[in-house]
Every structure is written in C-alpha cells, then in structure tokens.
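Overview (structure and organization)
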Amino acid sequence: MKRKLLTLSVLVSLANPILAKVVSLDIVQIYQQYSLVQEANQKIDSAEAGFKRVLETAEKELTELETKGNPLEIEKKKDSIQDVVDEEMEKIQDDKEFYNTQINRNIAKLLQDIAKEKSINLVIEKGYVQSPIEDITETFLTRLEAARKAEAKSPAKT
C-alpha cells in the first residue's frame, strides 16, 4: 500500500505544474539558428562542392582516355578515381560526425545546466505541447551562443 501511495504521489507531482516544472524547447529553431550548425553546414557544403569539382575533372579525364582506347590506362584511371572518391567521402562523413557530436554535446550540456538552475523536471519539444507552458528556446539559444563564444576565446585544449 505504501508503494502505491508513493507512486501515486510522484505521478501527481509530475502532473501538477505547481509541483513539477515543465518547459518547452523548440529544437528545430535551435538547429536553424545555432551558429555552429550554420558553420557545419557551410563547411560540409563547401567540401561537397569541392568533391563534385574533383569528380567532374576526373570524369573528363576518363572520357578523354576512353577515346584513345588504352584499356590499361583506363583501368588505372578508374582505380585512381575510385580511391579519390572513397577518400573524399570518408573525409566528408568524418566532418559530419564531428560536427554532429559537437553540436549534440553542447546542446545536451546546456540543457542539463539550465534544468538544474531553473529546477526543471521535464523539457518537452515545443511542437508536442498544447498547453501554455514556459518556452525556454530564446534563453537557450542566447546561452548556447554565449558558451560557444566563450569556448572560442579560451585557450585551445590539448
């Protein structure tokens, strides 16, 4: 019986906004406005554009070799192109993973910090909220950017 009462009181405290602090966060807005996401997108787009130029040049060279009809040179060129493609794709994938890890780590850390500071019990994605609760998106973005600027000013960690 004590367990049932304890469970019931925990559920009631989470369901009662007076006892439990519930806020919303617009993660889509954060990903659209966070400067690290924008930087990552620019670098990835640039790398992909560079890769596309390299690929186009290699394809032109291969077409020229094919008109000459030397099968040995054509095969060497195809292998060379495949090596470049594999290497560039791996670099781009590594960059994407690096940025995703960094972005998600920064967001998770700040969310934990704000939740502790404001005694928040539950954060709900804004799109799933139908009741009027506090939206911390703007505060979150401001602090996220401030943390990024502070990190950029601090000496590099080795």
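Here the structure is shown first, and the text comes after it.
Below, the structure is looked at part by part. (Residues numbered from 1 in each chain as written. Predicted model: local features only at pLDDT ≥ 70, side-chain atom pairs only at ≥ 80, totals over all residues. Heavy atoms only, no water.)

Observations concerning the layout of surface pockets
Empty space among the atoms becomes visible once a probe the size of a water molecule is rolled across them. Counted as a void, the largest pocket has a volume near 190 Å³. Taken together, Tyr-34, Arg-105, Asn-106, Lys-109, Leu-110, Asp-113, Leu-144, Ala-147, Arg-148 and Glu-151 form the lining of the largest pocket. Listed by contribution, the elements that provide at least two residues to the lining of the largest pocket are helix 4 (71-117) and helix 5 (137-153). Of the residues forming the lining of the largest pocket, the biggest block, five residues, is contributed by helix 4. Along the lines of polarity and charge, the residues of the lining of the largest pocket split into four nonpolar, one polar and five charged. (1 Å grid on protein atoms, 1.4 Å probe; cavity = no way out; pocket = protein on both sides within 12 Å on 5 of 7 lines; lining within 4 Å. Points joined across faces, edges and corners; volume = space filled by probe spheres on them. Helix = DSSP H or I, 4+ residues; strand = E, 2+ residues; numbered from the N terminus. Nonpolar A, V, L, I, M, F, W, Y, C, P; charged D, E, K, R; others polar.)

Description of the pairing of strand 1 (residues 22-25)
Sheet topology places strand 1 next to strand 2 (residues 122-125); four bridges connect them, and they run parallel. The residue of strand 2 that forms the bridge with Val-23 is Val-123. For strand 1 and strand 3 (residues 134-135), the ladder comprises two bridges, and the chain directions are parallel. When the sheet's bridge partners are listed, Ser-24 is paired in strand 3 with Asp-135. (Pairing = 2+ DSSP bridges.)

So, the sheet that holds strand 3
Either a parallel or an antiparallel arrangement is found when strands of a sheet pair, and the pairing is made through backbone hydrogen bonds. Taking strand neighbours across the sheet as the criterion, the three strands line up as 2-1-3 in an open arrangement whose pairing is parallel. Lying at the two open borders of the sheet, with one neighbouring strand each, are strand 2 and strand 3.

Describing the packing of helix 4 against helix 5
Two elements in contact, helix 4 and helix 5, have axes whose closest approach is 10 Å; the angle formed by their N-to-C orientations is 120°. In terms of their interaxial angle, helix 4 and helix 5 are classed as oblique. Helix 4 and helix 5 meet at a crossing whose hand is right-handed. Contacts from Gln-102, Arg-105, Asn-106, Ile-107, Leu-110, Leu-111, Asp-113, Ile-114 and Glu-117 in helix 4 reach Phe-140, Arg-143, Leu-144 and Glu-151 in helix 5. Of the residues in the contact of helix 4 with helix 5, the class split is six nonpolar, two polar and five charged. (Axes fitted to C-alpha atoms, helices over the stretch in contact; angles between N-to-C directions. Parallel < 35°, antiparallel > 145°, perpendicular 65-115°, else oblique. Left-handed = near helix turned anticlockwise from the far one by under 90°. Contact = heavy atoms within 4.5 Å.)

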